[in-house]
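So you can see what is in the structure, the chains are spelled out below.
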Amino acid sequence: AQTVTQSQPEMSVQEAETVTLSCTYDTSESDYYLFWYKQPPSRQMILVIRQEAYKQQNATENRFSVNFQKAAKSFSLKISDSQLGDAAMYFCAYRSGNQFYFGTGTSLTVIP
Amino acid sequence: GAVVSQHPSWVICKSGTSVKIECRSLDFQATTMFWYRQFPKQSLMLMATSNEGSKATYEQGVEKDKFLINHASLTLSTLTVTSAHPEDSSFYICSAWDKALADRDTQYFGPGTRLTVL
């Protein structure tokens, strides 16, 4: 069965610093996709970044980047130059075929 | 692009009544829509997957007769909570995706609907 694990229920980071959120997943599939979603207090889910499993190059989106370790089934999110607006719940997600699986989330606090 | 709307954003109803929540893809056609339920400070729980023109596929433990899902068009899916009870109070989120999108493997989420059953 596919599962997604986020082992950090809460994280905090000083404004302008860097923080890494961890995510591991379990799958027997070779073709899949990984995502990080952000859910701010408004509760609107916002796509942060996505990674195709067949791509070796780590995805980046401005201050957000991932460290994708396929063999280790690890998919961490690095947020550089953290801003107050980055404070939110972050969910790691896995997709294969028509199935999506979400982790339990990491609550990120940004300290001014 | 890839905007998903939900209506209403918040609904309060009496126990025993039915409530309909609409999910629309505004600028794309969504062959597949998902319905999730989220409790406070918890992750999203997938309730069902619906494909346009066919019956929804419900996750284990989700009562299909209580949570009626209709995906009658490529831009609209509805979730009807029938005979709602206080334990149905929750945050309901829909999402949509379509293989025709450039980033076709990505789900796009609606803003959610808060249901409170008195």
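Anyway, here's the lowdown on the structure attached to this text. Residue numbering note: each chain is counted from 1, following its sequence as written. Chain letters and ligand numbers both follow the written order, the letters beginning at A and the numbers at 1. Whole-chain, interface and lining totals are the exception, using all residues; otherwise, since this is a predicted model, local features are given only for residues with pLDDT of at least 70 and side-chain atom pairs are given and counted only at 80 or more. Each side-chain value is derived from all of the structure's non-hydrogen atoms; neither hydrogens nor water enter the calculation.

For Phe, Tyr and Trp, where Trp contributes only its six-membered ring, two rings pair if their centres lie within 6.5 Å, and the inter-plane angle classes them as stacked under 30 degrees, edge-to-face over 60, or tilted in between. Tallied over the full model, the rule gives 17 aromatic pairs over all chains. Where F68(A) meets F75(A), the ring centres are 6.3 Å apart and the plane angle is 80°; that geometry is what we call edge-to-face. Residue exposure (1.4 Å probe, protein chains only): buried if accessible area is under 20% of the type maximum, exposed if over 50%, otherwise partly exposed. Judged by relative accessible area, which is 7%, F68(A) ranks as buried. Given the relative accessible area of 0%, F75(A) is considered buried. Seen in terms of ring centroids, F100(A) and F34(B) are 5.2 Å apart; in terms of plane orientation they differ by 75°. Their pairing is edge-to-face. One end of the pair, F100(A), is in strand β11 (residues 99–102); the other, F34(B), is in strand β4 (residues 32–38), on a second chain. Judged on exposure class, the residue F100(A) and its partner F34(B) are both buried. Only DSSP runs of H or I with at least four residues qualify as helices, and only runs of E with at least two residues qualify as strands; both kinds are numbered from the N terminus onward.

Right, let's talk about unusual backbone geometry for a bit. Omega for the peptide link from H7(B) to P8(B) comes to 0°, which places this bond in the cis form. In this model, K73(A) sits at a positive phi of 55°, which is unusual for a non-glycine residue. Locating K73(A) in the fold gives a position in the loop between β8 (64–69) and β9 (74–79). The phi angle at K41(B) is positive, at roughly 60°, despite the residue not being glycine.

This part covers the layout of surface pockets. Lining residues are those with an atom within 4 Å of a point, where the points come from a 1 Å grid over the protein atoms alone and group into cavities, where a 1.4 Å probe fits but cannot get out, or pockets, open sets with protein on both sides within 12 Å along at least five of seven lines. Grid points are joined across faces, edges and corners, and a volume is the space filled by probe spheres set on the points. If you add up the space inside the largest pocket, you get close to 340 Å³. Along its surface, the largest pocket is lined by 13 residues, and Q39(A), A88(A), M89(A), S107(A) and K41(B) are the ones closest to its centre. Sorting elements by how many residues they give to the lining of the largest pocket places strand β10 (residues 88–96) of chain A first, with three residues.

This part takes up the state of the cysteines. Residues and elements named next belong to chain A. Two cysteine sulfurs form what is called a disulfide whenever their separation falls within 2.5 Å. Per the stated rule, a full pass over the model turns up two disulfides over all chains. Each sulfur in the disulfide pair C23 and C92 lies 2.0 Å from the other. One quick way to see it: the torsion about the S-S bond of C23 and C92 is about -70°, and its sign makes the bridge left-handed. Taken together, the positions of C23 in the loop between β3 (19–21) and β4 (24–26) and C92 in strand β10 put the pair 69 residues apart, joining distant regions of the chain. Comparing C23 with C92, the two get one shared label, buried.

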